[in-house]
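Summary of the model geometry
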Amino acid sequence: MHRRDFELPPDDVAFLDLHHPGWEAFRNGTTNWLLIGQFAVPAGYTVGATLVALRIEPAYPDTQIDMAYFFPALCREDGKPIPATGSTEAIDGKTFHRWSRHRTAENPWRPGIDDVSTHLAQVQHWFLREFSK
């Protein structure tokens, strides 16, 4: 049985059920976390899939999802360091590495439009952008 300690909007649930079966929504103290297993990682990293955690703020979906956390840590196959990934967070008994990536004034969170699916698309963009720097 998958944990569902808090509710997500119906569109998020439908997206997750379709594309990421096995997802979990659990509360750790006062923090809500969305866990997505076997999240695809493109070529160039040392793993092909990871467990991704997203912190879901109480005012979500009006409040943005920010950053993403990965277990195991994502590393480039070529050994080059990935900037802004040095912080860790204990989540569900595992040490997740945080990718400190944020929306910008040019790409703000749009309440009523952005959701889990658009944030995960951002995450996939971060993966690819890492190799275009």
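Please read all numbers here as calculations on a predicted model, not as lab measurements. (Residues numbered from 1 in each chain as written. Predicted model: local features only at pLDDT ≥ 70, side-chain atom pairs only at ≥ 80, totals over all residues. Heavy atoms only, no water.)

Turning our eyes to something else, we now look at the overall build of the chain. Counting its regular elements, the chain contains 2 helices and 6 strands. Over its C-alpha trace the chain gives a radius of gyration of 14 Å, about what one expects of a compact globule, namely 14 Å for 133 residues. At a minimum sequence separation of 6, the contacts of the chain that also span at least 24 residues come to 52%. A total accessible area of about 7200 Å² is found for the chain, and carbon and sulfur atoms account for 54% of it. Computed over 13 positive and 17 negative side-chain charges, the separation of the two mean positions in the chain equals 7 Å. (Helix = DSSP H or I, 4+ residues; strand = E, 2+ residues; numbered from the N terminus. Rg over C-alpha atoms; globule rule 2.2 N^0.38 Å. Contact = heavy atoms within 4.5 Å. Areas by Shrake-Rupley, 256 points an atom, 1.4 Å probe, with all protein chains shown as cover. Lys, Arg positive; Asp, Glu negative; His and termini not counted. Charge placed at Lys NZ, Arg CZ, Asp CG, Glu CD.)

Attention now goes to the nonpolar core. Of all hydrophobic cores here, the largest spans 26 residues; its most connected members are Leu 34 and Phe 127. Of all the secondary structure elements, the ones that give two or more residues to this core are β2 (31-40), β3 (49-56), β4 (68-71) and α2 (116-129). Top element by residues in this core is α2. It accounts for 5 residues. Once you skip the residues sitting within four places of it in the chain, Phe 127 turns out to touch Phe 39, Ala 40, Val 41, Pro 42, Tyr 45, Phe 70, Leu 74 and Trp 99. (Core = buried A, V, L, I, M, F, W, Y, C linked by side-chain atoms within 4.5 Å. Buried < 20%, exposed > 50% of the residue type's maximum accessible area, 1.4 Å probe, protein only.)

Our focus in this paragraph is unusual backbone geometry. Most peptide bonds take the trans form, and the phi angle of most residues other than glycine is negative. The omega angle of the peptide bond from Tyr 60 to Pro 61 is 15 degrees, so this bond is cis rather than trans. Note the cis peptide between Phe 71 and Pro 72, where omega equals -5 degrees. Among the secondary structure elements, Pro 72 is positioned in the loop between β4 and β5 (88-91). With a phi close to 55 degrees, Gln 38 is a non-glycine residue in the positive phi region.

The pairing of strands in a sheet comes from backbone hydrogen bonds and takes either a parallel or an antiparallel form. Across the sheet, which stays open at both edges, the 6 strands sit in the order β1-β2-β3-β4-β6-β5 with antiparallel pairing between neighbours. Of all the strands in the sheet, the pair left with one neighbour each is β1 (24-28) and β5. Averaged over all adjacent pairs, the angle separating strand axes in this sheet is 35 degrees, with direction ignored. Of the strand pairs in this sheet, β5 and strand β6 (residues 94-99) are connected by 4 bridges, and their pairing is antiparallel. Note on β6: the bridge partner recorded for Thr 88 is His 97. Packed on one face of the sheet, α2 meets β2, β3, β4 and β6 and runs near 55 degrees to β2. (Pairing = 2+ DSSP bridges. Axes fitted to C-alpha atoms, helices over the stretch in contact; angles between N-to-C directions.)

This part covers the environment of Gln 38. Following the sequence through the fold, Gln 38 ends up in strand β2. Spatially, the C-alpha atom of Gln 38 lies 9.7 Å from that of Pro 21, the residues being 17 residues apart in sequence. Discounting chain neighbours no more than four positions away, the residues touching Gln 38 are Ala 49 and Thr 50.

Applying the stated rule across the entire model yields 10 aromatic pairs. Arranged with centres 5.8 Å apart and planes meeting at 45 degrees, the rings of Phe 71 and Phe 96 form a pair that is tilted. Of this pair, Phe 71 sits in strand β4 while Phe 96 sits in strand β6; the two residues are 25 residues apart in sequence, bridging distant segments of the chain. A relative accessible area of 0% places Phe 96 in the buried class. (Phe/Tyr/Trp six-rings, centres within 6.5 Å; stacked < 30°, edge-to-face > 60°.)

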